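Report on the structure
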Amino acid sequence: MEVILLERIERLGQMGDVVKVKTGYARNYLLPQKKALRSTKENLAYFESQRAELEARNLQRRQEAEKVAETIKDLAVVLVRQAAESGQLYGSVTARDIHDALRDMNVKLERHQIDLPQPLKNVGVYDVRIVLHPDVAEKIKVTVARSQEESVRLANSYNNDLVKPVEVEEATEEVVAEEKPAEEKAE
């Protein structure tokens, strides 16, 4: 089914693009969410007549999203959960848990804006992407720990890992060592 996009959709297209999508995706998501119109001559004419208004509305939503992005920039969320000694959680941390923690911090987001491909199942520090608008996304740091003390230790080790320099010489030696056996097999 061909549809006209009314806003930018990641991995699909820009506003005004006529794209071909699967029927179920269009019928169950794009059309009910008012993110697209069926591609017909009448809808093309309607879109062109409303294009300026749609772009202005989109620009306004983007500016609002950028303001929210500034407030959540460098935000850190700590979630204390029970876990085994190996670090595996008894349960998992989902987008709902992160949403609840953000709501407790007076950050107003919708749960669908939290881009968490799969639940977090281990203790650690994770970068979670928050999609505020198709063009505006920000990352927050989510620390999952067994206690508050452990969360501080994990956050410090995470920051130290970011600062450590990468040793290039060792990496190139390993690559060369791996290439030699492959060349012998080719001969």
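Residues numbered from 1 in each chain as written. Predicted model: local features only at pLDDT ≥ 70, side-chain atom pairs only at ≥ 80, totals over all residues. Heavy atoms only, no water.

1. Thoughts on the overall build of the chain
- What the chain contains, in helices and strands, is five helices and nine strands.
- In the chain, the succession of α and β elements from N to C terminus is β-β-α-β-α-β-β-α-β-β-β-β-α-α.
- Relative to its 187 residues, the chain shows a buried fraction of 33%.
- Restricting to contacts in the chain with at least 6 residues of sequence separation, those with at least 24 account for 50%.
- Accessible area for the chain stands at about 13100 Å²; split by element, carbon and sulfur atoms hold 47% of it. (Helix = DSSP H or I, 4+ residues; strand = E, 2+ residues; numbered from the N terminus. Buried < 20%, exposed > 50% of the residue type's maximum accessible area, 1.4 Å probe, protein only. Contact = heavy atoms within 4.5 Å. Areas by Shrake-Rupley, 256 points an atom, 1.4 Å probe, with all protein chains shown as cover.)

2. Points about the packing of aromatic side chains
- Within this structure, the stated rule accounts for one aromatic pair.
- An angle of 20° between the planes, with centres 5.6 Å apart, marks the rings of Tyr25 and Tyr29 as stacked. Note that Tyr25 and Tyr29 are positioned in helix H1 (residues 23-30) at a spacing of four residues, about one turn of the helix.
- For Tyr25, a relative accessible area of 35% translates into the label partly exposed.
- Take Tyr29: its relative accessible area is 34%, and that puts it in the partly exposed class. (Phe/Tyr/Trp six-rings, centres within 6.5 Å; stacked < 30°, edge-to-face > 60°.)

3. Overview of the nonpolar core
- Counting 26 residues, the largest nonpolar core has Ile98, Leu102, Ile140 and Val142 as the members making the most contacts within it.
- Only helix H2 (41-72), strand E4 (76-80), strand E5 (88-93), helix H3 (95-104), strand E8 (124-133) and strand E9 (136-145) provide two or more residues apiece to this core.
- Ile98 has contacts with Leu79, Val93, Ile114, Leu116, Val128, Ile140 and Val142, leaving out every residue within four places of it along the chain.
- Membership of the second largest hydrophobic core comes to eight residues, among which are Ile9, Val19, Val21 and Leu30. (Core = buried A, V, L, I, M, F, W, Y, C linked by side-chain atoms within 4.5 Å.)

4. Some remarks on H2
- The sharpest bend along H2 measures roughly 55° and falls at Gln50.
- Considered for burial, the residues of H2 that qualify are Phe47, Leu54, Asn58, Ala65, Ala69 and Ile72.
- In the stretch just after H2, Asp74 is the one whose phi turns positive, near 60°. (Bend = angle between axes of the 7 residues up to and from the residue.)

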